[in-house]
Amino acid sequence: MAVITIAEYKAAHIIVDTPLDGTFSDNDIQAAINGATAWFESQLYQPVQQTAHDDVYNVNQSDWCSVDTSWCLNIYPPYFPVTAIDAIYWRLSPTDNWSNQFQSTDWSLSSDLRVVKIPFANPFYPSDGGPFQQARVVYTSGYSQASMPADIKQSVITLTAAYLKRGYVGETGSGTPISILSPYDQKMVSDTIDKYKRRF
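Throughout what follows, the structure given in this document is the object of discussion. (Residues numbered from 1 in each chain as written. Predicted model: local features only at pLDDT ≥ 70, side-chain atom pairs only at ≥ 80, totals over all residues. Heavy atoms only, no water.)

What follows is about the side chain of Thr-160. Counting through the fold element by element, Thr-160 comes out in helix 3 (residues 150–165). Under the relative-accessibility criterion, Thr-160 is labelled buried at 0%. The contacts of Thr-160, once residues within four sequence positions are left out, are Ile-4, Tyr-9, Ile-29, Ala-32, Ile-33 and Ala-36. (Helix = DSSP H or I, 4+ residues; strand = E, 2+ residues; numbered from the N terminus. Buried < 20%, exposed > 50% of the residue type's maximum accessible area, 1.4 Å probe, protein only. Contact = heavy atoms within 4.5 Å.)

Rendered as structure tokens:
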């Protein structure tokens, strides 16, 4: 699924049919949208569109999962925003099965949709088990086309125009359309990428 539709591109960008620009068919526009979307996502190191994940975390053994001074377990899913959580499990040993599951009332999601917080009023106590205590989160990250932020859409519209202008139709994520944008548009796209880029 592309970040924008052909109709959204046409509504936002005036296509001028000249000998230089050529005549762009809907297929041309869709190919350019796909290429711009692929390049944009490659710069984020994560899909911006809704994607399912099933991640396992070693408690207190990585940046993704740690316990704070109030004994609250904080899980930082590497892909964000977290738009749905199907299940959160825990186990005391990597040889155990995932039979222990937190209830939906056991956890909360931060307002920026990036951190899962689990207060410790349950049997899962990570202070003495080290890497042998694990959490597993089954979740969905990213946006639907209807909920896609306006700044992401504008960036992809701008990049799509660059693909069409320079004849990049059919290119994939390996293209570098940002280099041919105006300084203003380069900054706009770069700022948007920085805002949504995956943090390692």
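So, next bit.
Here the focus is the pattern of salt bridges. By the definition in use, this model includes five salt bridges. Residue Lys-10 pairs with Asp-26 through a salt bridge whose shortest N-O separation is 2.7 Å. Taken as a pair, Lys-10 in helix 1 (residues 6–12) and Asp-26 in helix 2 (residues 26–44) lie far apart in primary sequence, 16 residues in all. Given a relative accessible area of 41%, Lys-10 falls into the partly exposed group. A salt bridge links Lys-187 to Asp-191, with the nearest nitrogen and oxygen atoms 2.7 Å apart. You can see Lys-187 and its partner Asp-191 sitting in helix 4 (residues 183–196), four residues apart, about one turn around the helix. Residue class for Asp-191 comes out partly exposed when judged on its relative accessible area of 42%. (Salt bridge = Lys/Arg side-chain N within 4 Å of Asp/Glu carboxyl O.)

Let's shift gears to unusual backbone geometry. The omega torsion of the bond from Phe-80 to Pro-81 falls at -5°, within 30 degrees of zero and hence cis. Mapped onto the elements, Pro-81 comes out in the loop between strand 3 (73–75) and strand 4 (82–91). Residues other than glycine seldom take positive phi values, yet Leu-113 does so here, at roughly 60°. Tracing the chain through its elements places Leu-113 in the loop between strand 6 (108–109) and strand 7 (116–118). For Leu-113, a relative accessible area of 32% puts it in the partly exposed group.

Let us look at the sheet that holds strand 4. Strand order in the open sheet made by the four strands is 1-8-4-5, with antiparallel pairing throughout. Taken across any chain shown, the strands that pair with only one partner, and hence form the sheet edges, are strand 1 (51–58) and strand 5 (100–101). In the sheet, strand 4 pairs with strand 8 (residues 134–141) via eight bridges, with the strands oriented antiparallel. Looking across to strand 8, one finds that Ile-85 is bridged to Tyr-139. (Pairing = 2+ DSSP bridges.)

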